[in-house]
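# Secondary and tertiary structure notes
Chain by chain, the residues run as shown.
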Amino acid sequence: MIKCGLCIPVQYLQKLTNCYKNNIRRYSDFVKVVEVGPRDGLQNEAKIVTTETKAQFINKLSETGLRSIEVTSFVSPKWVPQMADNAVLFTQIKKKDNVSYPVLVPNLKGLESAIKIGVKEIAIFGTASETFSKKNINCSISESVKNFTAVIEKAKEHNIKVRGYISCVVGCPYEGEIKPKIVVDLAALMLNLGCYEISLGDTIGVGSPKKIKQLLKELQLVSSHDMSEFALHCHDTYGQALTNIYTSLEYGIRIFDSSVAGLGGCPYAAGASGNVATEDLLYLLHGQGLETGVNFNQIVEIGDYISRELGRKNQSKAGLAIIAKRSKASL
C-alpha cells in the first residue's frame, strides 16, 4: 500500500478530500462576490484619487459580471478625505440594472445625503470590540447600536436595502481575541432590525480556520437560512484569508467581500494589510468548481489598471502570476 510521508494511506486521504468536497456541495454552487475596492480599498489611500479615476474603475468593474460593487462612503470629509466626492461620484458612474451599488452610511446625516441622490442600498456598521468602536467611530457599542438603528428605520421608510457590517469578529488590535457570543448577539440584532445580510469582518486579519469555525458554529444558531444571510470579509495580514474562506465554505458561507489587487487596509490596526484580492478569491472559487458569474480575466486586467493608476504594487498573487505569464508569452 502506498503511503504519504505522514504514513497515512493515500486512499484514506482521497476519501477525506471527497468527503470534504461533498460537504461543501451540500450548499449552493453559486458564490456571490461583493467588490469593495472602490470604497474600502481606496478610502485609506494617502494620495487623493480623482473622481474620474474612481468612476472609470467602477465602470470597468460593472462590466465583469459582478452583482454588487460598493461605491463610496457618506462620511465626513474631515475624517475620510478620500470619500469627499461621494455624491458626485455616485451620480457620475454608469449604473447597470443588474448590479447593486451600495454606499456606506455612518449616521442619519449621511443617509439623508444618500437619499437625495437616489441611493438604493446602504451599509451600516458596528463592531464587536468596545475599544475599537471608541477608537474608530468615537462611541460605545451601545451608542453605535442606537445610531445604526435610527439609520435602518429611516432607510426602510424609503425602501432602501440595508446591509450590516460587523468588524473585529475574531480579533481586535486593542482587546485581543473576541468572544463569538458578542458577534452573534450583534448579528442577531442587525437581522432583527431589518438588515438583509451581515458581513463578518476579520478587520485586522488575525483569523485562523479554528477561530472562523468557532464563530460560524455559533452563528448557525441565529441563521434561519443555512448561513445565507452571512458574508465573510477577510483581510490578509497573516496570509490566512483564503484559508479562512475555504474553511467557511464548509459551513455554507456563499458570499465574500474582496477587493481587486488586494486594495485596502485598516488605519486603526497597525500592520493590517488589505482585503483579500478579488483575483485570488476567484481563482480559488473557480478552481473548486464553484460559480460566480464574474470574468476572472477582466478582473485581472482591472487589478493591473488600478494598481498602475495608484502607483502601488499589485497585491494579488493570482493577478501577478497571470500578468507575468501573458508578458512571457508575448515575447
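Residues numbered from 1 in each chain as written. Predicted model: local features only at pLDDT ≥ 70, side-chain atom pairs only at ≥ 80, totals over all residues. Heavy atoms only, no water.

The subject of this paragraph is the side chain of Gln43. Take Gln43: it is sitting in the loop between α2 (37–41) and α3 (51–62). Taking the relative accessible area as the measure of exposure, Gln43 reaches 17% and is therefore buried. Excluding its chain neighbours within four sequence positions, the residues that come into contact with Gln43 are Val80, Gln82 and Met83. (Helix = DSSP H or I, 4+ residues; strand = E, 2+ residues; numbered from the N terminus. Buried < 20%, exposed > 50% of the residue type's maximum accessible area, 1.4 Å probe, protein only. Contact = heavy atoms within 4.5 Å.)

Right, let's get into the confidence of the model for the protein chain. Per-residue pLDDT for the protein chain has a mean of 91; in total, 90% of the residues score no lower than 70. Between residues 1–8, whose pLDDT stays under 50, and residues either more than four places distant or in other chains, the model counts 9 contacts. (pLDDT = per-residue confidence, 0-100.)

Attention now moves to the state of the cysteines. Tallying each qualifying case throughout the model produces 0 disulfides. You can see Cys234 has no disulfide; the closest cysteine sulfur is in Cys168, sitting 13 Å from it. (Disulfide = S-S within 2.5 Å.)

Our next topic: the sheet that holds strand β11 (residues 255–258). The 9 strands are arranged β2-β1-β11-β10-β9-β6-β5-β4-β3 in an open sheet whose pairing can be described as parallel. Of all the strands in the sheet, just β2 (68–69) and β3 (72–73) have a single pairing partner and so form its edges. As paired elements, strand β9 (residues 197–202) and strand β10 (residues 230–234) share 5 bridges and run parallel to each other. Bridging across to β10, Ser199 finds its partner in Ala231. Those strands touched by helix α7 (residues 141–157) are β5 (121–127) and β6 (161–167), and its axis lies near 165 degrees from that of β5. (Pairing = 2+ DSSP bridges. Axes fitted to C-alpha atoms, helices over the stretch in contact; angles between N-to-C directions.)

For the pair helix α11 (residues 278–287) and helix α12 (residues 296–310), interaxial distance at closest approach is 9 Å and the crossing angle is 160 degrees. Considered as vectors, α11 and α12 are oriented roughly antiparallel to each other. The crossing of α11 and α12 is left-handed. Counted together, Thr278, Glu279, Leu282, Tyr283 and His286 of α11 and Phe296, Ile299, Val300 and Gly303 of α12 form the full contact between these two elements. Counted by class, the contact of α11 with α12 contains 5 nonpolar, 3 polar and 1 charged residues. (Parallel < 35°, antiparallel > 145°, perpendicular 65-115°, else oblique. Left-handed = near helix turned anticlockwise from the far one by under 90°. Nonpolar A, V, L, I, M, F, W, Y, C, P; charged D, E, K, R; others polar.)

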